[in-house]
Amino acid sequence: MVQSVSDPPNVTAPGLLVTPSEKEIYTAVKAWILSILPFSIKIRQGQQNDAAAPIDPFMLMTIIGRERIATNGWSYTDTERVVVEQTQISMQISAFGKGSGNLIQSVLMLWRDMSAVDALAASGLPIAPLHTSDIRQLGFINAEKNYEDCWSVDLILQANITTRIPQQFADKLTIDTLDVDTTYPPKE
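**Quick word on the overall build of the chain**
Secondary structure assignment for the chain yields four helices and 10 strands. Listing each helix as α and each strand as β along the chain from the N terminus yields β-α-β-β-β-β-α-α-β-β-β-β-β-α. Buried positions account for 32% of the 188 residues belonging to the chain. At a minimum sequence separation of 6, the contacts of the chain that also span at least 24 residues come to 68%. As displayed, the chain offers around 12300 Å² of accessible surface, 52% of which is attributable to carbon and sulfur atoms.

**With respect to the pattern of salt bridges**
Here the idea is simple: oppositely charged side chains can pair when their charged atoms come close. In this structure the tally under the stated criterion is four salt bridges. One salt bridge connects Glu80 with Arg164, and the closest N-O pair in it is separated by 2.9 Å. With Glu80 in strand E5 (residues 80–96) and Arg164 in strand E10 (residues 150–166), this residue pair connects regions lying 84 residues apart in the sequence.

**Things to note about the nonpolar core**
One finds Val29, Ile33, Met59 and Ile93 to be the most contacted residues of the largest nonpolar core, which totals 30 residues. For this core, the element with the most residues is helix H1 (residues 22–36), which contributes seven residues. Contact partners of Met59, with chain neighbours within four places excluded, come to Ile33, Leu37, Ile41, Lys42, Ile43, Arg44, Ile93, Ser94, Ala95, Leu103 and Val107.

**Quick notes on helix H2 (residues 100–111)**
Compared with an ideal rise of 1.5 Å per residue, which puts 12 residues at 16 Å, H2 spans 17 Å between its outermost C-alpha atoms and is within 8% of the ideal. If you check which residues of H2 are buried, you get Ser100, Leu103, Ile104, Val107 and Trp111. Looking straight down H2, one finds its buried side chains confined to an arc of 95°; they lie on one side. Opposite its buried face, H2 presents the exposed residues Asn102 and Met109, each directed more than 90 degrees away.

**Focus: the confidence of the model for the chain**
Averaged over all residues, the pLDDT of the chain equals 86, while 87% of them reach at least 70. When pLDDT is averaged over each element of the chain, strand E6 (residues 127–132) comes out on top at 97 and strand E8 (residues 140–141) at the bottom at 72. The low-confidence segment residues 1–13, where pLDDT is below 50, has 22 contacts with residues more than four positions distant or belonging to other chains.

**What to know about H1**
Taking 1.5 Å per residue, 15 residues should reach 21 Å; H1 reaches 22 Å between its end C-alpha atoms and fits that length. Among all positions of H1, only Ile25, Tyr26, Ala28, Val29, Trp32, Ile33 and Ile36 are buried. Down the axis of H1, the sector holding all buried residues measures 165°, keeping them to one side.

**Concerning the pairing of E10**
In terms of residue burial, E10 counts as a mostly covered element, since 12 of its 17 residues are buried. Across two bridges, strand E1 (residues 18–19) lies against E10 in antiparallel orientation. Looking across to E10, one finds that Thr19 is bridged to Thr162. Pairing of E5 with E10 involves 17 bridges; the strand directions are antiparallel. Each bridged residue has a counterpart across the sheet, and for Ser94 the counterpart in E10 is Ser152.

**Observations concerning the packing of aromatic side chains**
What the rule picks out here adds up to three aromatic pairs. Plain terms: the ring middles of Phe58 and Phe96 are 4.7 Å apart, the flat faces sit at 10° to each other, and that makes the pair stacked. One end of the pair, Phe58, is in strand E3 (residues 58–68); the other, Phe96, is in strand E5, with 38 residues separating them in the sequence. Across this residue pair, the class does not change: Phe58 and Phe96 are buried.

**Re unusual backbone geometry**
Note the cis peptide between Thr19 and Pro20, where omega equals -5°. Summarising the element assignment, Pro20 is placed in the loop between E1 and H1.

Criteria and thresholds
- Residues numbered from 1 in each chain as written.
- Predicted model: local features only at pLDDT ≥ 70, side-chain atom pairs only at ≥ 80, totals over all residues.
- Heavy atoms only, no water.
- Helix = DSSP H or I, 4+ residues; strand = E, 2+ residues; numbered from the N terminus.
- Buried < 20%, exposed > 50% of the residue type's maximum accessible area, 1.4 Å probe, protein only.
- Contact = heavy atoms within 4.5 Å.
- Areas by Shrake-Rupley, 256 points an atom, 1.4 Å probe, with all protein chains shown as cover.
- Salt bridge = Lys/Arg side-chain N within 4 Å of Asp/Glu carboxyl O.
- Core = buried A, V, L, I, M, F, W, Y, C linked by side-chain atoms within 4.5 Å.
- Expected span 1.5 Å × (residues − 1).
- Arc of directions from axis to C-beta.
- pLDDT = per-residue confidence, 0-100.
- Pairing = 2+ DSSP bridges.
- Phe/Tyr/Trp six-rings, centres within 6.5 Å; stacked < 30°, edge-to-face > 60°.

Okay, structure coming up:
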């Protein structure tokens, strides 16, 4: 379901809760991008309904893929099983407006730099940059039917996605002894 505002809601869907959430991943990547650019720019989550495009230049972020990259790991607490899946997440970053090619080039260059590694580690989330796609120019026609610059790159990151499953455990065991011959006398 596509949201109707420019930022994802802070709503937990029924069922299993996974962490980090998409919202947390978007927030961490957005904070990193804002930290490397030489000026303030509007960055939004992509695929929003009823949201006008901001004034140029601006960027859109859209998670476009998820791929398992390892077998699940797990651990236990007193009441649950904690399952961790190493996941490769692809996030498309698109820049619009004059100079957008240079903005995307900066994002691509610094994604594999220690600044991205440190910033994502400082977020406290179990995420880390892996690599990028090549930069590409996309055709973009605005509401006035004019062409505008639009450059895009896919940032590939690893996220260790965790979910918790309620689990019952036997935490104590009572053993009673009985005399078998008395309880179940042998038949002759």
